[in-house]
Amino acid sequence: MQPTRLTSFLSRAAAAATPATGRQSLKRSWVSPMTRPVVIRSFSATTATKDQPPAVTVSKHEHSPEVAVMTLHQSAFSHDTARLMIKEWRAMEQDQSIRAAMLKSDLKSIFCAGIDFNEFLKGPESFANYWRSIREVFDVIYSSRLNTAASMNGHSLGLGCVLGMACHDRFMMGAVPKPGTIGLNEVAVGVPVPHWLSELFVSITSRRHAERFLPLGRILSVQEASSIGLVDKIDFASQEEMEDFVVRYLVGRSQAPREAQTETMRVIRRNFLKAFRESEEEDVRTITGYIEKEEAQTILKAQLARLASKGKK
């Protein structure tokens, strides 16, 4: 489906979730965005303190409680964040009143900046365990019974892009002064893109696009990502407008018969998931082996030094 036709389909799906009497006001709300959706309760028993808020929270949307909202509160994805996200997602899945989930961030101009570079330097055994957890984060989203969409309010690099690709649909803001960027930049930090991730990128975009961008660790603009099908809709002028649209779109998708829809989504993703799960040990060995190489370690340490230098300014 071409990007323009897909955008039209997405808009119709979102409009389908709104009663006919309210569609005129819905159209106006895209020009003057509604206030940000309010969430009413958390699924997790995770406690937060003023000094250390949780890295991930999950709540039901106030006006559309069949939609859960998973919010990222940290830009770099540590092992603790991965464990918490898995726990939160599984807790959310247990609530049968939920039909859909929106993945978002409350960080300014960042959806997810990717893997916490410190995880690369903790030694091969630690990184192997971390990578298994990253794979599990992907698995719980990609295999979910829920309709899923990523509302990506800013830069979505590396793992940020992976989280979006795990969802059924991806949305970014293109009508803002400084749009975010998105891409799999693993090669740029000395690590090859895993086979399963390359194949997923191919299935979403095309093999030609994968050949052009992945070997360079190329980061794409919102417009480039939209043109190749990596992002589904970008004509949003604010985060509030985008999130409002995504919730309505998910409500529209969730009007399909539950059991038939769930089984169809499972069948569509079954073969990929089978290959993904069967290749876990090979994938962990391969990635861990490259992380230990001098090329990757040199690049990663330089990146950490650069980040530390920025933090001191």
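Worth saying up front: this structure is predicted, and the values here are computed from it rather than measured.

1. Observations concerning the pattern of salt bridges
Working step 1: Overall, the coordinates contain 17 salt bridges when judged by the stated rule.
Working step 2: We note a salt bridge from Arg 277 to Asp 139, for which the minimum N-O separation is 2.8 Å. Remark: Asp 139 occurs in helix α4 (residues 124-142) and Arg 277 occurs in helix α10 (residues 258-278); sequence separation between them is 138 residues.
Working step 3: For Asp 139, a relative accessible area of 14% corresponds to the buried category.
Working step 4: Each of Arg 132, Glu 280 and Glu 281 takes part in one network of salt bridges that share partners.

2. A closer look at empty space enclosed by the protein
By rolling a water-sized probe across the atoms, one finds the places where empty space is left.
Working step 1: Across all of its chains, the model carries 1 cavity of 30 Å³ or more by this definition.
Working step 2: Of the volumes computed, that of the largest cavity is approximately 30 Å³.
Working step 3: Lining the largest cavity, in full, are Gly 183, Leu 184, Phe 201, Phe 213, Leu 214, Arg 218, Leu 220 and Leu 230.
Working step 4: Each residue belonging to the lining of the largest cavity can be placed in one class, and the counts come to 6 nonpolar, 1 polar and 1 charged.

3. Topic: the packing of α4 against helix α11 (residues 280-292)
Working step 1: Their axes nearest at 9 Å, the elements α4 and α11 cross at an angle of 135°. In terms of axis orientation, α4 runs oblique to α11. Considering only the axes of α4 and α11, their crossing is right-handed. Between α4, through Pro 124, Phe 127, Ala 128, Trp 131, Arg 132 and Arg 135, and α11, the contact on the second element is made entirely by Glu 280, Glu 281, Asp 283, Val 284, Ile 287, Thr 288, Ile 291 and Glu 292.

4. Examining the pairing of strand β2 (residues 56-61)
Working step 1: Within β2, 5 of the 6 residues are buried, leaving the element largely enclosed by the surrounding structure.
Working step 2: As consecutive antiparallel partners, β2 and strand β3 (residues 67-72) are separated by 5 residues.

The rules we used
- Residues numbered from 1 in each chain as written.
- Predicted model: local features only at pLDDT ≥ 70, side-chain atom pairs only at ≥ 80, totals over all residues.
- Heavy atoms only, no water.
- Salt bridge = Lys/Arg side-chain N within 4 Å of Asp/Glu carboxyl O.
- Helix = DSSP H or I, 4+ residues; strand = E, 2+ residues; numbered from the N terminus.
- Buried < 20%, exposed > 50% of the residue type's maximum accessible area, 1.4 Å probe, protein only.
- 1 Å grid on protein atoms, 1.4 Å probe; cavity = no way out; pocket = protein on both sides within 12 Å on 5 of 7 lines; lining within 4 Å.
- Points joined across faces, edges and corners; volume = space filled by probe spheres on them.
- Nonpolar A, V, L, I, M, F, W, Y, C, P; charged D, E, K, R; others polar.
- Axes fitted to C-alpha atoms, helices over the stretch in contact; angles between N-to-C directions.
- Parallel < 35°, antiparallel > 145°, perpendicular 65-115°, else oblique.
- Left-handed = near helix turned anticlockwise from the far one by under 90°.
- Contact = heavy atoms within 4.5 Å.
- Pairing = 2+ DSSP bridges.

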